[in-house]
Structure formats: C-alpha cells, structure tokens
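Descriptive structure summary
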Amino acid sequence: MNSFAILAACEASARATLVSVYPVLMYRALGSAATVSEVYVLIGLTGLVCALCVPLLARFVPRRWLYTLGALIMIGGSVVGGFFDGRFIPYAVAANSVGLVILAVCFNAYVMDYVERASMGRNESRRLLFSGISWSVGPFLGVVLMDWHPQVPFLISIAACLVMLGFFWYLRLGDGKVIIKARRPPTNPLRYIPRFFRQPTLVGGWFYATMRSVGWSIYIIYVPIYAVRSGLSDQIGGLALSISNAFLFTTPFMLGFLQKTSVRSAIVAGFSGCGALFIGATLISDFPYPAIAMLLSGTLFLVLLDVSASLPFLLTVKPSERTEMAAVYSTFRDVASVGSPAFARLVLVFAPVQGVFAGIGVVLIGCALIARRIHPRLGRRRH
C-alpha cells in the first residue's frame, strides 16, 4: 500500500503547486467569475468525454503505457501553461484535466487489483496522508512563486510528473492482474454504463464521490476569486487551500472514527458539517477573513469525505469488471468539473460570488439526507 501512496503523493505534488495558480490566472485572463465558470464547464465536458473513452483506448493500449500517456499529457499541460501566452491557460487546464482522468482510471484499477477489500479504507487513509505535505504546502507555494517568477510552479509540476513516472516504472505493475482469460472479444466499455447504473451501491459511491468533488471544486475555484474581489491579496486563496489541505494529516483519526462508527455515519457527518459551514460563511461574507476561516473549517468535513465517500464503490465492485467500472466511476471527477462551474454560473446570475457557497451548502446538506440510506454495516469486518 505504501507504493500506491507514494504514487499518489507524486501526483499530488504535480497538481498542488498549480491548483491555486490556475483560477487566479484564468480570472486575470478572462476578467469575470462568470466567464471563468463557463470555461471550466467546457474543460469539464472535455474531461468527461475522455473518461468515457479511456476503457476503449485500454483495449488497444496496455495499462502501463496508458498510465504513462496520462503523465505525459499532464507534463504537456504544464509546458503550455508555463511557457505559452496567457490566453492559452484554458488549454493548459484542459490538458491537466485529461491527463488526470487517464491516471485516475489506471490508478483505481491497480488499487483494486492489488489491495484487499478489507484494507481499502486503510489504503485510502494512507494515500491521503502521504499526499498531505504536497497539498498543504503546494497551493500557497504556487501563488507565491507565481508572483516571483511565473514559470517556476509549472517547472515544479513537470518535475513531480517525471518522478511519478520513474517510480511507476520502477514498481513494474505491468498491466494489472488477469482475472479470467477472455474467450471472446471484450465488450464495448461504454456498454458498462447501464450495468453500472443498475447497481445501487455503485451508483451511490459515484454520487457521493461526485458531490464531494463538487464541494472541493467550488472551494478551489471560488475562494481565490472571492478573496480577490473582496480586496484581499491573491495569495490568500492559495494560503486557505494549503491550510485546508493540511487537514489531510487528520485522516488517521478520521479512519478511526469511520471504523468505530460506519461508512454511513462518516459520509452523513461529512456532508452535513461542510454544508452548514459553507452556508454560515455566506451569512458573514461582508467580513472576508472570518468567512474564509469558516469555509476553511468546512473543508475538514470534505477531508472526511475523501476518506469515506469512495468506499461504497471500492467495496462492492465485481473483480471481473474492475477496469470498466473504474472508468465509469472515475467520471465523478469530470461530472463534478462540469457541474460545479455550471451550478456556480447559475447562482451568479442572481447573487455575487459568496452566494455560490450558500448554494452548494444547501446541496451538500441534501446529500447528507440521501446518504442516510447507505446500509449501516457497509465496510465493517465480518466476524
């Protein structure tokens, strides 16, 4: 499990230094939060289409080369973002999104091949813990270095991708474990979408992961914009994101909470706590620093969802369908990438940026009510 955690940490390093840089650069280039939202919707749609095509590509390209392709696309995005004109920033973000989709599909398939079901929760906690340093330092470091020299954050991301790629090939994971030797040509992976949505637990896992990602996307994109529009430094958004990501170091305690209670309790607590604090932040939005502090506190519950929200899927997917179902499941990130800015764009028609936090807060509390339907014994060890 340490090997997967190290891979995840390298990926986190590649993304963390740019995660707070991109929204600021997009806002500077495009000039309005509404336009930024529209561009993020298009980028999200691109990622979603790519996610659905990855299983088809996997029929012809071995998984180890597919993983390598994802890393190279991320490197290409960093090159475009760091060394091309500012108007190409949307293309850099799109390349980053596509590369991440490919990496996520391959990574999830490897995890399901090599990690036992009973250890999935511990693996998720360790993955987040190993990534904690990158996510807690990278966002603030990225915006500071951007103001010092705009190319440095992108160079750090490129270096992290190269390290990740080198470690991946050192592990020699190959193309994953073979469950059953195929006796006929593989089914078109897109046909797994209806089968996926006929399994309520898989759908639930996808839905909770999607809404968790929506919460993070709203926070990542709109906190820096809210800070700038409130007259604060553009470094405040990066600092807030770094602090919230430092909460990843609490994942061992959250895993303990999950093991003592249940997957259901953890997911319900995560959605309800984050939703309430996001709504509270909007109510005091005339005071930017307390509002940002309250938004930051809400991300503690998003980290709890990072530990628990993916478990309904990981614990119930059939071994013979891992690659295809992992590809369908991984669309949660891309659906969130489309849904978050689309939702925000709708809210921005009627309210300022801070209204986006109240809107998503209400949605997250609704998710907590839905999550009460999870089976109370899901994830507990059988005796």
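Here the residue numbers are simple positions, counted from 1 along each chain's written sequence. Residue-level local features of this predicted model are given only where pLDDT is at least 70; pairs of side-chain atoms are given and counted only at 80 or more, and the full residue set underlies all totals for whole chains, interfaces and linings. Where side-chain values are given, they derive from all heavy atoms of the structure, hydrogens and water being excluded.

1. As for the packing of aromatic side chains
- Two rings from Phe, Tyr or Trp (for Trp, the six-membered ring) form a pair when their centres sit within 6.5 Å of each other. Planes less than 30 degrees apart are called stacked, planes more than 60 degrees apart edge-to-face, and all others tilted. In this structure the tally under the stated criterion is 14 aromatic pairs.
- For the ring pair Y67 and F168, a centre distance of 4.2 Å and an interplane angle of 20° mean the geometry is stacked. Of this pair, Y67 sits in helix α4 (residues 63-83) while F168 sits in helix α7 (residues 152-171), placing them 101 residues apart in sequence. For the pair shown, Y67 and F168 are each scored as buried.
- On the numbers, 6.1 Å between centres and 80° between planes, the contact of Y226 with F357 is edge-to-face. One end of the pair, Y226, is in helix α9 (residues 200-229); the other, F357, is in helix α17 (residues 354-371), and 131 residues separate them in sequence. An identical accessibility class is assigned to Y226 and F357; each is buried.
- An aromatic cluster is present here, built from W65, Y67, Y110, F168 and W169 joined pairwise through their rings.
- One residue, R63, lies across the ring of Y110, its end atom 4.6 Å from the ring centre. Strands here mean DSSP runs of E at least two residues long; helices mean DSSP runs of H or I at least four residues long; both are numbered from the N terminus. A 1.4 Å probe rolled over the protein chains alone gives each residue an accessible area, and that area as a share of the maximum for its type sets the label: buried under 20%, exposed over 50%, partly exposed in between. As a reminder, the over-ring test applies to NZ of lysine and CZ of arginine, requiring each to be within 6 Å of the ring centre and within 35 degrees of the ring normal.

2. Comments concerning a nonpolar patch on the surface
- A surface patch of nonpolar side chains, amounting to about 400 Å² of accessible area, comprises I133, V137, L141, I156 and F249.
- For the nonpolar patch, the element with the most residues is helix α6 (residues 120-148), which contributes three residues.
- Among the secondary structure elements, I156 is positioned in helix α7.
- Here I156 falls in the partly exposed class, since its relative accessible area comes to 31%. What makes a patch is a set of residues exposed beyond 30% relative accessible area and free of salt bridges, joined within 9 Å when like-charged and within 5 Å when nonpolar (Val, Leu, Ile, Met, Phe, Trp, Tyr). Each accessible area value is a Shrake-Rupley result obtained with a 1.4 Å probe; residue values ignore everything except the protein chains displayed when judging cover. Salt bridge, as applied in this entry: a Lys or Arg side-chain nitrogen positioned within 4 Å of an Asp or Glu carboxyl oxygen.

3. Some points on the pattern of salt bridges
- Scanning all chains against the criterion turns up four salt bridges.
- When the shortest N-O distance is used, the salt bridge between R15 and E11 registers 3.1 Å. With R15 and E11 both in helix α1 (residues 2-19) and four residues apart, the pair spans about one turn of that helix.
- The class of R15 is partly exposed, set by a relative accessible area of 22%.
- E11 gets classed as buried once you look at its relative accessible area, which sits at 15%.
- Between R212 and D306 there is a salt bridge; the shortest N-O distance is 3.4 Å. Linking R212 in helix α9 with D306 in helix α13 (residues 288-308), this pair joins segments that are 94 residues apart in sequence. For the pair shown, R212 and D306 are each scored as buried.

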